[in-house]
Amino acid sequence: MKLNRKLSRRNLLIGGLQAASLVVLSGCEKMFDSLSQNKNVQSLLELAENGSRRAQRLLTRRNKLAKEFEAKDISPKFRANGNPPPITMDYTTDAQNHWTRWRLEVSGLVKQPASFSLADLQAMPSRTQITRHDCVEGWSVIGKWKGVRLEEIINRVQPATDARYVVFRCMDTDSDGVNYFESIDMIDAVHPQTILAYELNDRPLPIDNGAPLRLRVENQLGYKHAKYIRALEFVSSLDKIGQGKGGYWEDQGYEWYAGI
Amino acid sequence: MAERPAKSPIAGHLVYRHNRITRLTHWISGLALIILFMSGLQIFNAHPYLYWGSTSDPDKAFLSIAASQDDGDVRGFVDLYGRKIDTTGFLGVQQGVFGPFARAFPSWLTVPGYYSLAAGRRWHFFFGWLFAISGVVYLIYNLAVGHIRKFLFTLRDAKSVPAMTAYYLHIRKTSPQQGEYNPLQKMAYTGVFVILAPLILLSGMAMSPQLNIAFHWLPALFGGRQSARTVHFILAFGFLFFVLGHVLMVLTQGFLNNMRSMTSGWYNEKVPVVIESTAQASPPEAAAVSSKQEAEKINEAES
């Protein structure tokens, strides 16, 4: 009898503690969930993004290069992520025809709007770099890229003085039909390693990795590296691009500055 | 000058142990650590694998937390160097409204509870800044006023570690403690300030692509970016164990007294003589000793 009562009292105590911790924990979870969706809290947390961008840029000498690896470091497979490749007829037939119809349209706040074929881009001076690609999810792969420096394009189209960002318009869409897009500012756009890549590991850019043209912006995470690019647009503000945050993932809560 | 509260009726004497900056940064970094740990697990959940080196070749993960399905039964596993540990009910799989789903760390351990890498990152970086800033403020101030040396672990302290451990384990009756902090406390705090905190900040920064450009040595220090990520993960658990140990000690070694010292600054320090021989100690003598020490301590703290 006594033992039983003791046991049941102990059980009661343990049960009570469990229940209490469950209440506390689920209370905490609910609190953090609602704080995560609270606009004021979020704009407070967003202060860190600007702080990170300013501090990190202050610490980085302009035009300093990201580490370039050796051929032996190249990952066996360059992992692809994000939306599936475009499946439109135009895209697939053009892919089979070595991108004879595809053109890169450059417009917006530029003195010389232009349009380039893949052959045009390949005829320009190129840059080759073996760099590490870091996904926001946490993984990293190393690949060898060849492409034309974005500054090369910038020199040709001559952006107006009020052009502050380059917006990348892409051909891939999500399941709701929203097109991918991204943006970087002029500081990153003219970085020596910021290239529009058309080759990966000495072969034409594979469809999974963004054929025919993708961005490499080595100071930022993978989601900034727009794939399946069809157009560049120079703008003074990101307010009217997409939902105003400057990118597909940015519109879903990710930071515009992805250097961290 | 801090005001002196009325003398406590408990045997011992009040010392002004924690200055304002220490108290403030203690609570800020405590809150930050909780949120950093939980939002860090949220971020980890986006890719619940760990590697050594620069890259993350899928078959080279030494640790993974995943769910696998056999015969319709979804089970959670932790795979450590090829050794599979069934963790159903805690890690790898979680029960949801629509049945079990794969999730490395469960909702109740992450911030936010629902899956959101974007939100997890926002929490993490904001409180990362807060943690780093409060740590720097703490260090600068306390180096300046000389508080740090009170708990800086030295070779002499190392010698009394076994004795202090024996004392905590009730094997030894007298505490070898000299000064405000005992050797094990000094070891724990020095470890946190000299090893854990700097390394967790550096390994976190070693994951930033921009900082990798600014400081090529940063990821190299850890043996590559993925190694830095792994080190960051391990150190987070180092902090967890420190915090759990810290809270346990606070709870068992005079909860109210400790809470008072970390809120108002005043700690009731018992004189060793009083603890050792409760029956024989003559109160007036103890009080005389204590008030002298007390005066010294207050002068020191406020100078």
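None of these values were measured; they are calculated from a predicted model.

**Q** Teacher, can you tell me more about the overall build of chain B here?
**A** Along the backbone of chain B there are 11 helices and eight strands. Counting over 303 residues, chain B shows a buried share of 31%. Here the contacts in chain B between residues at least 6 apart in sequence split such that 60% fall between residues at least 24 apart.

**Q** I keep staring at the packing of helix α3 (residues 47–59) of chain A against helix α2 (residues 117–145) of chain B and nothing clicks. Help me out?
**A** Each pair of packed helices can be summarised by the angle the axes make with each other and by the distance between the axes. Taken N-terminus to C-terminus, the directions of α3(A) and α2(B) make an angle of 65°; their axes are 8 Å apart at the nearest point. Handedness of the crossing formed by α3(A) with α2(B): left-handed. Of the residues in α2(B), those in contact with A:Leu47, A:Ala48, A:Gly51 and A:Ser52 of α3(A) are B:Phe125, B:Phe126 and B:Trp129. For the contact of α3(A) with α2(B), the residue count by class is five nonpolar, two polar and no charged.

**Q** Would you mind showing me how to read the sheet that holds strand β10 (residues 229–235) of chain A here?
**A** Within a sheet, each strand pairs with its neighbour through backbone hydrogen bonds, oriented either parallel or antiparallel. Residues and elements named next belong to chain A. If you trace the five strands from one edge of the open sheet to the other, you get β2-β1-β10-β5-β6, paired in mixed fashion. Looking at strand neighbours, the two that pair on one side only are β2 (114–117) and β6 (179–185), the edges of this open sheet. Here the strands of the sheet are splayed against their neighbours by 20° on average, with no regard to which way each runs. In this structure, strand β5 (residues 165–173) lies alongside β6, joined through six bridges in antiparallel fashion.

**Q** What am I meant to see in the domain arrangement of chain A here?
**A** When the parts of a complex come together, some accessible area is lost, and that lost area is often taken as the interface size. Once the domains are mapped, chain A shows domain 1 (2–39) and domain 2 (66–252). Between the C-alpha centres of domain 1 of chain A and domain 2 of chain A there is a distance of 50 Å.

**Q** Would you mind going over the interface of chain A and chain B with me for this structure?
**A** Across the contact, 40 residues belong to chain A and 33 residues belong to chain B. Looking at the side of chain A that touches chain B, the elements with two or more residues in it are α1 (2–36), α2 (39–45), α3, β3 (126–134) and β4 (140–149) of chain A. Class assignment for the residues of the side of chain A that touches chain B results in 15 nonpolar, 15 polar and 10 charged.

**Q** Would you mind going over the nonpolar core with me for this structure?
**A** Core analysis: the biggest nonpolar cluster contains 69 residues, and A:Val166, A:Phe168, A:Cys170, A:Leu196 and A:Ile229 have the highest contact counts within it. For this core, the element with the most residues is α2(B), which contributes seven residues. Residues contacting A:Val166, with those up to four places away along its chain left out, are A:Ser183, A:Ile184, A:Ala189, A:Leu232 and A:Phe234. Counting residues in each nonpolar core, the second largest holds seven residues, with B:Ala206, B:Phe222, B:Ala228 and B:Val231 among its members.

**Q** Quick question: what am I supposed to make of the environment of B:Phe255 here?
**A** Relative to the assigned elements, B:Phe255 resides in helix α9 (residues 255–263). Here the alpha-carbon distance between B:Phe255 and B:Ala102, two residues 153 residues apart in the chain, equals 40 Å.

About the criteria used
The residue numbers shown here count from 1 along each chain, following its written sequence. Whichever chain is written first is A, and whichever ligand is written first is 1; the rest continue in order. Under the rules for a predicted model, residues below a pLDDT of 70 receive no local features and side-chain atom pairs below 80 are neither given nor counted, while totals for whole chains, interfaces and linings still include all residues. Each helix is a run of H or I in the DSSP string that is no shorter than four residues. Each strand is a run of E no shorter than two, and both are numbered from the N terminus. The exposure label follows from counting other C-beta atoms within 10 Å of a residue's C-beta, where the C-beta atoms are placed from the backbone and the thresholds are 20 or more for buried and 12 or fewer for exposed, leaving partly exposed in between. Throughout, a pair of residues is in contact if the C-beta atoms placed from their backbones lie within 7 Å. To define axes, lines are fitted to C-alpha atoms, for helices over the stretch in contact only, and angles between the resulting N-to-C directions are given on a 0 to 180 degree scale. Handedness of each helix crossing follows the sense of rotation of the near helix against the far helix: counterclockwise by less than a right angle gives left-handed, clockwise gives right-handed. When residues are sorted by character, Ala, Val, Leu, Ile, Met, Phe, Trp, Tyr, Cys and Pro go into the nonpolar class, Asp, Glu, Lys and Arg into the charged class, and all the rest, Gly among them, into the polar class. Strand pairing is assigned whenever DSSP detects at least two bridges linking the two strands. Reported domain spans reflect what an automatic or database domain assignment gives. Only buried Ala, Val, Leu, Ile, Met, Phe, Trp, Tyr and Cys residues enter a nonpolar core, and they are joined through C-beta atoms within 7 Å.

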